[in-house]
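Examination of the molecular architecture
Residue strings, one per chain:
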Amino acid sequence: MPELPEVETTKEGIAPYLVGKKITQVVVRQPQLRWPIPAEVQELKNVEVFSVLRRAKFILINTAAGQVLLHLGMTGALRILPQGVPPEKHDHVDIWLSSGKMLRYTDPRRFGAVLWAALGEQHAMLAHLGPEPLSEAFTGSYLHSKAASRRQAVKTFIMDNKIVVGVGNIYAQEALFKAGIHPSRAAGRISKARYDKLRQAIVEVLQAALKAGGTTLKDFTKADGQPGYFQQELAVYGKGGQPCTVCGAELKKATHGQRSTVYCGQCQR
DNA sequence: ATCGGGACCTGCTTGC
DNA sequence: TGCAAGCAGGTCCCGA
């Protein structure tokens, strides 16, 4: 489900229900996600939520006691529900709120995570992340300098969280198509001008998806249960074998870092 | 220092 | 119809 636009959409959707409320209890039915859910989270009681932020694909819930970090992995989702709605199979965690509602975490594959950082401390997981793609620190020059002498394919390069966060498999493919760059091209063999273009493409693709409320995939819905509307705008993702919308050539399929890639052999060099 | 591959886990689709 | 293989939004960790 979630790439950065989906995580941002989810964060925006849940924040109004959390900020200023207290967490009254945390109900954990399945503590074994990607990592075990820390005891500090499970024991939260009567703690006020100050803010809900996003860093990379983490949703950060800042409370009077410390920070809860939520990651949705591949298939995670968060919903606001009235307390007491019976859980279904993959509803692993409920965070009860003083408003009478609760935040429910659902994740069939359990690649997601619920983590904890003590007050004033930063979780190790956030320590070595690259810049946010929609921040001023993310520029073509930055990418160009980071790529120097790297032989790695540019697609896996831009999906590396240490380079830039929030670019997942869907938007990496879309951005490379938009920038006209072949996904297999070595990162270190791309000019600064082309990195300027790639940066621009990444920003545009993410912003368009954000505006549309996230990509609708099999099961992505916003916190209010409404689907996102970006899927119809995808140019290459999941479209191998179909004609390129620009030149009509048959879109090709490849694999990078064990993730599938679709691209146009004509438009992308 | 980089890199590619394996691992984690479930469910849906595809093909024999 | 049944069953196994293949594939899916993420990303840490390991060995070469």
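Residues numbered from 1 in each chain as written. Chains lettered and ligands numbered in written order. Predicted model: local features only at pLDDT ≥ 70, side-chain atom pairs only at ≥ 80, totals over all residues. Heavy atoms only, no water.

1. Concerning helix α6 (residues 192-212)
Three or four residues apart is the spacing at which side chains of an α-helix point the same way, because the helix has 3.6 residues per turn. Which entries qualify depends on this criterion: A run of H or I in DSSP counts as a helix once it spans at least four residues, and a run of E counts as a strand once it spans at least two, with each numbered from the N terminus. Between the first and last residue of a helix there are one fewer steps than residues, each counted as 1.5 Å, and that sum is the expected span. Note on definitions: a residue-residue contact is assigned when non-hydrogen atoms from the two residues lie within 4.5 Å.
Compared with an ideal rise of 1.5 Å per residue, which puts 21 residues at 30 Å, α6 spans 30 Å between its outermost C-alpha atoms and is within 8% of the ideal. In the core, the buried residues of α6 are packed alongside α1 (4-18), α3 (140-147), α4 (154-158) and α5 (169-179). Two residues or fewer past α6, Gly-213 is found with a positive phi of approximately 85 degrees.

2. Describing the sheet that holds strand β3 (residues 58-63)
Formally: Strand pairing is assigned whenever DSSP identifies at least 2 bridges connecting the two strands. To obtain an axis, a line is fitted to C-alpha atoms, over the contacting stretch when the element is a helix, and the angle between two such axes runs from 0 to 180 degrees between their N-to-C directions.
The eight strands are arranged β5-β7-β6-β1-β2-β3-β4-β8 in an open sheet whose pairing can be described as antiparallel. Taken across any chain shown, the strands that pair with only one partner, and hence form the sheet edges, are β5 (77-82) and β8 (113-118). Between one strand and the next, the sheet's axes are offset by a mean angle of 30 degrees, whatever the strand orientation. For strand β1 (residues 22-28) and strand β2 (residues 47-55), the ladder comprises two bridges, and the chain directions are antiparallel. Bridge pairing in β2 links Lys-22 to Glu-48.

3. Description of the domain arrangement of chain A
For clarity, the threshold we go by: These domain limits were set by an automatic method or by a database of domain assignments. Note on definitions: buried area is the accessible-area loss of two parts on being combined, 1.4 Å probe, summed for both. What makes a salt bridge here is a side-chain nitrogen of Lys or Arg within 4 Å of a carboxyl oxygen of Asp or Glu, nothing more. The term polar contact refers here to a pair of N or O atoms within 3.5 Å; inside protein, the definition further demands a hydrogen-donor-capable atom paired with an acceptor-capable atom, and it admits residues adjacent in sequence only when both atoms are side-chain atoms. Residues are grouped as follows: Ala, Val, Leu, Ile, Met, Phe, Trp, Tyr, Cys and Pro are nonpolar; Asp, Glu, Lys and Arg are charged; every other residue, Gly included, is polar.
According to the domain assignment, chain A contains domain 1 (4-126) and domain 2 (140-263). One C-alpha centre belongs to domain 1, the other to domain 2; they are set 28 Å apart. Of the roughly 1,200 Å² buried at the junction of domain 1 and domain 2 (both faces included), carbon and sulfur atoms supply 70%. By the criterion of area lost to domain 2, the three top residues of domain 1 are Pro-5, Glu-6 and Thr-9, representing 43% of everything that side buries. Summed over the shared surface of domain 1 and domain 2, the result is zero salt bridges. Here domain 1 is connected to domain 2 by one residue pair in polar contact (both at pLDDT 80 or more). Mapped by element, the contributors of at least two residues to the side of domain 1 that touches domain 2 are α1 and β5. Considering every element that reaches the side of domain 1 that touches domain 2, the biggest residue donor is α1, with eight residues. Its residues assigned to classes, the side of domain 1 that touches domain 2 comprises seven nonpolar, three polar and five charged.

4. Describing the pattern of salt bridges
Applicable threshold: Buried, partly exposed and exposed residues are distinguished by accessible area as a fraction of the type maximum, computed with a 1.4 Å probe on protein chains only: under 20%, between the cut-offs, and over 50%, respectively.
Under the criterion given, the structure shown has twelve salt bridges. Residue Arg-104 is joined to Asp-91 by a salt bridge in which the shortest nitrogen-to-oxygen separation is 3.5 Å. A residue pair is termed long-range when its members are at least 10 positions apart, and Arg-104 in strand β7 (residues 101-106) and Asp-91 in strand β6 (residues 91-97) qualify at 13 residues. Each member of the pair, Arg-104 as well as Asp-91, is classed as buried. One salt bridge connects Lys-162 with Asp-160, and the closest N-O pair in it is separated by 3.7 Å.

5. Looking at the protein's contact with DNA strand B
Applicable threshold: Residue proximity to a molecule or strand is established when one non-hydrogen atom of the residue lies within 4 Å of it.
Near DNA strand B you find Lys-89, His-90, Pro-108, Arg-109, Arg-110, Phe-111, Arg-150, Arg-151, Gln-152 and Gln-258, and these make up its full shell. For DNA strand B, the backbone portion of the atoms within 4 Å of the protein, that is sugar and phosphate, comes to 51%. In the environment of DNA strand B, a base oxygen lies 2.9 Å from a nitrogen or oxygen atom belonging to the side chain of Arg-109. Measuring from a phosphate oxygen of DNA strand B, one finds a side-chain N or O atom of Arg-110 at 2.7 Å. Looking at the surface near DNA strand B residue by residue, the classes come out as two nonpolar, three polar and five charged.

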